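# Structure at a glance
Listed here are the chains, written in short residue letters.
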Amino acid sequence: MANILVTGGAGYIGSTTCKYLYTQGHQITVYDNLTTGHRNLVKFGDFVKGDLEDTEALTREMRLRKIDGVIHFAAKAYVGESVVKPALYYHNNVFGTISLLAAMKAADVHKLVYSSTCAVYGQPKQLPIVESTPLNPINPYGSSKAMVEKICNDVSLAHGLSTVTLRYFNACGTEKELEVGERHDPEPHLIPRILMAAAGDLKNLEIYGDDYDTPDGTCIRDYVHVSDLASAHSLAYDYLSGGGASFTCNLGTGRGLSVHELLEVAERITGKKIPVTYVPRRPGDPAALVADAQLAAEILRWSPEHSESDNIIKTAWDWYQKERS
């Protein structure tokens, strides 16, 4: 059992990971400022309301709670918003992590699992994407996460920090007991918006572009279930606890689904006809992102067990109906 600090643990992926870690016997402390997280999603472990930029408070909590390692989710994470508010993303994601790393050094904490993103790759020339693919982010969100990856690597070399960086693709679905899940206001993500339209809570689902260089003209993404992401973070922490060296890996299924393909699954699962309207592309959206996750399989012994499209949509639909009621 380890004492783990989870930054951003009141959010979607963070809260799901906290539940998984708790079931593995770990002691969890969630550190979150609740600007986008939700206090009632913190159901597994202790809660500390605090900001990443408060280095002294972070250091104090880590010392007080005898923290063994950190899983770092806290970040601004909306591509579209990052394009119109780039300074916010660089300040929050980069400076906040620098503060966290300073607190870890002061508290003598040397294990970090970092939540990164496929957005660091930008528009890759070849699919599936391997970890050696050059980083070429095309939006401020991806750029800020790539900067943090570099900072973590440099700190690892300078101060003996051991870091697993997880570049995951499109998080989706809900854990099977529906105790925690996805909740944003406003909701920017595709699958929840599909379900909002299916339920009649959204007049039309807006599809951003149908002229991409893909088989049906809509964006293709690699959708990985949040429960699979949670298990990967736990495996990464266990790997570091066993003395594993720092490394970076992708988390995805290796299968891409277009917007139209997702719609077909959603209509079949919900039994609803989903109204759509087509609007221009959003700035910063690549045509296709699909992972090669072989490295995670080899080093962490991770494989996605919950990421079939039917299960993704069904669990997300069950959660949405629970939230709606």
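Computed from a prediction, not measured in an experiment: that's the story for all the values here.

Procedures and definitions
- Residues numbered from 1 in each chain as written.
- Predicted model: local features only at pLDDT ≥ 70, side-chain atom pairs only at ≥ 80, totals over all residues.
- Heavy atoms only, no water.
- Helix = DSSP H or I, 4+ residues; strand = E, 2+ residues; numbered from the N terminus.
- Rg over C-alpha atoms; globule rule 2.2 N^0.38 Å.
- Buried < 20%, exposed > 50% of the residue type's maximum accessible area, 1.4 Å probe, protein only.
- Contact = heavy atoms within 4.5 Å.
- Areas by Shrake-Rupley, 256 points an atom, 1.4 Å probe, with all protein chains shown as cover.
- Pairing = 2+ DSSP bridges.
- Axes fitted to C-alpha atoms, helices over the stretch in contact; angles between N-to-C directions.
- Salt bridge = Lys/Arg side-chain N within 4 Å of Asp/Glu carboxyl O.
- Parallel < 35°, antiparallel > 145°, perpendicular 65-115°, else oblique.
- Left-handed = near helix turned anticlockwise from the far one by under 90°.
- Nonpolar A, V, L, I, M, F, W, Y, C, P; charged D, E, K, R; others polar.
- Patch = residues over 30% accessible without salt bridge, like charges linked within 9 Å, V, L, I, M, F, W, Y side chains within 5 Å.
- Lys, Arg positive; Asp, Glu negative; His and termini not counted.
- Charge placed at Lys NZ, Arg CZ, Asp CG, Glu CD.
- Expected span 1.5 Å × (residues − 1).

Regarding its fold elements, the protein presents ten helices and 14 strands. Compactness check: the protein gives a C-alpha radius of gyration of 19 Å against a globular reference of 20 Å for 325 residues, within 12% of the reference. Looking at the 325 residues of the protein, the share that counts as buried comes to 54%. Across the protein, every contact between residues at least 6 apart in sequence was considered, and the portion connecting residues at least 24 apart equals 79%. Roughly 14,100 Å² of accessible area belongs to the protein as shown, and the carbon and sulfur atoms make up 50% of that amount.

The parallel open sheet is built from seven strands, whose spatial order is S3-S2-S1-S4-S5-S6-S11. In this open sheet, the two edge strands, each paired with only one partner strand, are strand S3 (46-49) and strand S11 (247-251). Here the strands of the sheet are splayed against their neighbours by 20° on average, with no regard to which way each runs. The pairing of strand S6 (residues 162-168) with S11 spans five bridges and is parallel. Bridge pairing in S11 links Arg167 to Asn250. Each of strand S1 (3-7), strand S4 (69-72) and strand S5 (111-117) is contacted by helix H4 (residues 86-106), which is oriented at about 170° to S4, the strand it contacts most.

Glancing now at the pattern of salt bridges. Any two side chains of opposite charge can pair if their charged atoms end up close together. Applying the stated rule across the entire model yields 15 salt bridges. A salt bridge links Arg65 to Glu61; its shortest N-O distance comes to 2.8 Å. A residue is classified by how much of its surface remains accessible, and Glu61, at 15% relative accessible area, is buried. Between Arg255 and Glu308 there is a salt bridge; the shortest N-O distance is 3.8 Å. Note that Arg255 is positioned in the loop between S11 and strand S12 (257-258) and Glu308 in the loop between helix H9 (294-300) and helix H10 (309-324), a separation of 53 residues in sequence. Through salt bridges with shared partners, one network takes in Lys19, Glu175, Glu177 and Glu179.

This next bit is on the packing of helix H2 (residues 55-64) against H4. Direction vectors running N to C along H2 and H4 enclose 40°, while the axes themselves pass 8 Å from each other. In terms of their interaxial angle, H2 and H4 are classed as oblique. Crossing angle aside, the handedness with which H2 passes H4 is right-handed. Each of Thr55, Leu58, Thr59, Met62 and Arg63 in H2 lies in contact with H4, whose residues at this interface are Ser99, Leu100, Ala102, Ala103, Met104 and Ala106. Residue classes in the contact of H2 with H4 are distributed as seven nonpolar, three polar and one charged.

Secondary-structure assignment places Ser99 in helix H4. The class of Ser99 is buried, set by a relative accessible area of 4%. If sequence neighbours within four positions are ignored, Ser99 has contacts with Leu52, Glu53, Asp54, Thr55 and Leu58.

Regarding H2, the residues found buried are Ala57, Leu58, Thr59, Glu61 and Met62. At the exit of H2 stands Lys66, carrying a positive phi of roughly 55°.

Residue position: Arg63 is located in helix H2. Taking the C-alpha atoms as reference points, Arg63 and Gly96, separated by 33 residues in sequence, lie 19 Å from one another. The residues touching Arg63, leaving out its near neighbours within four places in the chain, are Ala106 and Ala107.

Turning next to a negative patch on the surface. On the surface, a cluster of negative charge is made up of Asp51, Glu53, Asp54 and Glu56. With respect to the helices and strands, the residue Asp54 is situated in the loop between S3 and H2. Owing to a relative accessible area of 38%, Asp54 belongs among the partly exposed residues under this scheme.

Packed helix pairs are characterised by how far apart their axes lie and by the angle those axes make with each other. Interaxial distance between helix H1 (residues 12-23) and helix H7 (residues 226-241) falls to 8 Å at its minimum, and their mutual angle equals 60°. It follows from the interaxial angle that H1 and H7 lie oblique. Crossing handedness for the pair H1 and H7: right-handed. Here Tyr12, Ile13, Thr16, Thr17, Tyr20 and Leu21 of H1 lie close against H7, whose contacting residues are Val226, Leu229, Ala230, Ser231, His233 and Ser234. For the contact of H1 with H7, the residue count by class is seven nonpolar, five polar and no charged.

What follows deals with H7. Along its 16 residues, H7 runs 23 Å from first to last C-alpha, staying within 8% of the 22 Å computed at 1.5 Å per residue. For H7, a buried count of twelve out of 16 residues is recorded, marking the element as mostly surrounded by other parts of the structure. Considered for burial, the residues of H7 that qualify are Val226, Ser227, Asp228, Leu229, Ala230, Ser231, Ala232, His233, Ser234, Ala236, Tyr237 and Leu240.

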